[in-house]
Amino acid sequence: MELAIIGAGWVGVTTAAAMADIGHTVVCADLNAERIEKLNLGEVPFFEPGLFELLQKSLASGRLKFTTSNEEAIKAGELVFCCVNTPTLPDGSTDLNAVTQVARAFAQDHRDGAVFVIKSTVPAGTAAAMRRVMTEISQRPFTIASNPEFLAESTAIRDTMIPSRIVIGADESDTLEKVKRVYEPIIANGARVFISDCATAEVVKTASNSFLATRISLINEIANYANQVGADPVGVALGMSLDPRIGAVRPGVGYGGGCFPKDVQALIGEGDRTGTPLTVLKAAHAANYRQRTRLYDRLSAALGGVAGKKVTIFGLAFKPKTDDVRDAPAITLIDQLLKDGAQVVAYDPQVRPTLVNDHHGLVMASSALEAAQDADAVALMCEWQEFIDLDLKTLQHVMKGRILVDGRYIWSRKTVESLGFIYVV
Ligand code: UGA
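Rules of the game
Residues numbered from 1 in each chain as written. Predicted model: local features only at pLDDT ≥ 70, side-chain atom pairs only at ≥ 80, totals over all residues. Heavy atoms only, no water. Helix = DSSP H or I, 4+ residues; strand = E, 2+ residues; numbered from the N terminus. Buried < 20%, exposed > 50% of the residue type's maximum accessible area, 1.4 Å probe, protein only. Contact = heavy atoms within 4.5 Å. Lys, Arg positive; Asp, Glu negative; His and termini not counted. Charge placed at Lys NZ, Arg CZ, Asp CG, Glu CD. Pairing = 2+ DSSP bridges. Domains from an automatic or database assignment. Buried area = accessible area lost by both parts, 1.4 Å probe. Salt bridge = Lys/Arg side-chain N within 4 Å of Asp/Glu carboxyl O. Polar contact = N/O pair within 3.5 Å; in protein donor to acceptor, adjacent residues only side chain to side chain. Nonpolar A, V, L, I, M, F, W, Y, C, P; charged D, E, K, R; others polar. Core = buried A, V, L, I, M, F, W, Y, C linked by side-chain atoms within 4.5 Å. Near = heavy atom within 4 Å. Areas by Shrake-Rupley, 256 points an atom, 1.4 Å probe, with all protein chains shown as cover.

### Some thoughts on the overall build of the chain
Part 1 of the argument: A count of helical and extended segments in the chain gives 18 helices and 14 strands.
Part 2 of the argument: Its C-alpha atoms give the chain principal-axis dimensions of about 70 × 45 × 40 Å.
Part 3 of the argument: Sorting the 425 residues of the chain into buried and exposed places 54% on the buried side.
Part 4 of the argument: Look at the contacts in the chain between residues 6 or more apart in sequence, and 71% of them connect residues 24 or more apart.
Part 5 of the argument: Averaged over its 42 positive side-chain charges, the chain has a centre that lies 4 Å from the centre of its 49 negative ones.

In structure tokens, the structure reads:
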């Protein structure tokens, strides 16, 4: 099939490369010329395991191309996937400007009977609103579908090729069938398909992220409590996870990234706007950010104040196997430490210094041990395998102090304390 993908971010690029790989002809557009130039040369503008190889393969097949022209892509698509970003505004509402612009462009240039597929994460009612916008402009027949994505960074390709489910919302059965046909090879491999109207599909997306985020906040507070009463927080989470209704969830300093914080905030805003306040979600979101403050306070107490102390941060990304630092707990901690007069040195296996150079005063090291040299405290904020594998005796040797902050519960209290560290969680 001939597909257009508008927006070359994490979702757009992964979807474009994957769809070309399963046999479709794909034109992916983004207004960022530098990004498009790189993509056409086979360079991925962010770190995502396996995407470089998939992109190379799809470009070599001749079925994938990137362009700066939305018009060119839209004219090339039987289905046009809208993958532009939808930031949350300060008042909690979703900024739909980019989606609206793509909808207008679609309405001007789409083929007869083309389908406008919204993959961007949007509040309920967006498909209906875009339909109204497009109907005013378009001279030809078109339809609209909601097809939210569920890919997580670091596992984006697997999540696209072997998804937990494919959710398709549409009002007409032939539109549903067209979208389903795009995913045929993936469905043939066993992917489950959930079909609904557009509003339901839209809510499935934000509610799924909100549910997952809430579980994290709950386990984090349970972990705080477990610590307090001398239980093992990771053991508690593991023991609970054996009930399939609960499942696996890892405690730590809380969620970050470009999705959970934004989607939770957006759903809270939608709840308030529609007179259906989501009180549990509000509490979970507040607990998420309290978790960051709590860790800072505990580190500060262990150090007897942070001013003049050298604190090393292990891991800047919001989770391992990505270089994404959006709303990362490490960044919150660093900003607070710098503000309160600490000397901060960080190391992350993937995050390049240019991604954090607006945090003035932060020094980036090129290895974990270099970063920890003469440190009064080391704070692990992202559980990269490299840190899990680190020899703690060597670490202790290069540090000046003995404080080890474990923001992701990767170490056992018993082990680190037996080595003489002060364990802070
Ligand atoms: C999330 C969802 O998992 C995807 O299904 C969704 O498609 C995506 O958002 C999106 O909306 O685009 P992502 O933000 O990439 O994906 O990352 P997750 O792996 O879900 O992690 C989110 C945060 O929760 C991270 O900061 C992670 O460290 C934290 N987390 C996750 C925990 O603290 N404990 C856990 O058990 C799991």
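### What about the environment of Ala128?
Part 1 of the argument: Along the polypeptide, Ala128 turns up in helix 6 (residues 126–137).
Part 2 of the argument: When its relative accessible area of 36% is taken as the criterion, Ala128 is described as partly exposed.

### Considerations on the pairing of strand 7 (residues 166–170)
Part 1 of the argument: Among the five residues in strand 7, five count as buried, and that is most of the element.
Part 2 of the argument: Because side chains alternate across strand 7, one face comprises the buried residues Ile166, Ile168 and Ala170, and the other comprises Val167 and Gly169, equally buried.
Part 3 of the argument: Taken together, the two bridges between strand 6 (residues 142–146) and strand 7 define a ladder with antiparallel strand orientation. The partner of Ser146 across the bridge, within strand 7, is Gly169.

### Considerations on the domain arrangement of the chain
Part 1 of the argument: For the chain, the domain assignment lists domain 1 (2–196) and domain 2 (222–424).
Part 2 of the argument: Relative to domain 2, the C-alpha centre of domain 1 lies at a distance of 33 Å.
Part 3 of the argument: Between domain 1 and domain 2, roughly 1200 Å² of surface is buried when both sides are summed, and carbon and sulfur atoms account for 47% of that area.
Part 4 of the argument: It is Phe47, Thr88 and Glu153 in domain 1 that bury the most area against domain 2; as a group they hold 42% of the surface buried on that side.
Part 5 of the argument: The interface formed by domain 1 and domain 2 holds one salt bridge in total.
Part 6 of the argument: Counting the contacts that link domain 1 with domain 2 gives six residue pairs in polar contact (both at pLDDT 80 or more).
Part 7 of the argument: Each residue belonging to the side of domain 1 that touches domain 2 can be placed in one class, and the counts come to eight nonpolar, seven polar and two charged.

### Structural notes on the nonpolar core
Part 1 of the argument: Among the nonpolar cores identified, the biggest contains 56 residues, and Leu299, Ile313, Phe314, Leu316, Leu337 and Leu395 are the most heavily contacted of them.
Part 2 of the argument: The element that contributes the greatest number of residues to this core is helix 14 (residues 329–339), accounting for five residues.
Part 3 of the argument: Residues Phe81, Cys83, Ile168 and Tyr183 belong to the second largest nonpolar core, which totals 43 residues.

### Section: the site of the ligand
Part 1 of the argument: Neighbouring the ligand are 19 residues; Glu153, Lys205, Asn209, Arg250 and Lys319 lie closest to it.
Part 2 of the argument: One of the backbone N or O atoms of Phe150 is found 3.3 Å from an oxygen atom in the ligand.
Part 3 of the argument: Interatomic distance of 3.0 Å between a backbone N/O atom of Phe318 and an oxygen atom of the ligand.
Part 4 of the argument: Coverage of the ligand by the protein amounts to 87% of the 710 Å² it exposes when considered alone.
Part 5 of the argument: Every element with two or more residues in the shell around the ligand is listed here: helix 10 (198–228) and helix 12 (260–273).
Part 6 of the argument: With three residues, the single largest contributor to the shell around the ligand is helix 10.
Part 7 of the argument: A class-by-class count of the residues in the shell around the ligand yields nine nonpolar, three polar and seven charged.
Part 8 of the argument: In this structure, the shell around the ligand is formed jointly by two domains, domain 1 (2–196) and domain 2 (222–424), each of which donates at least three residues.

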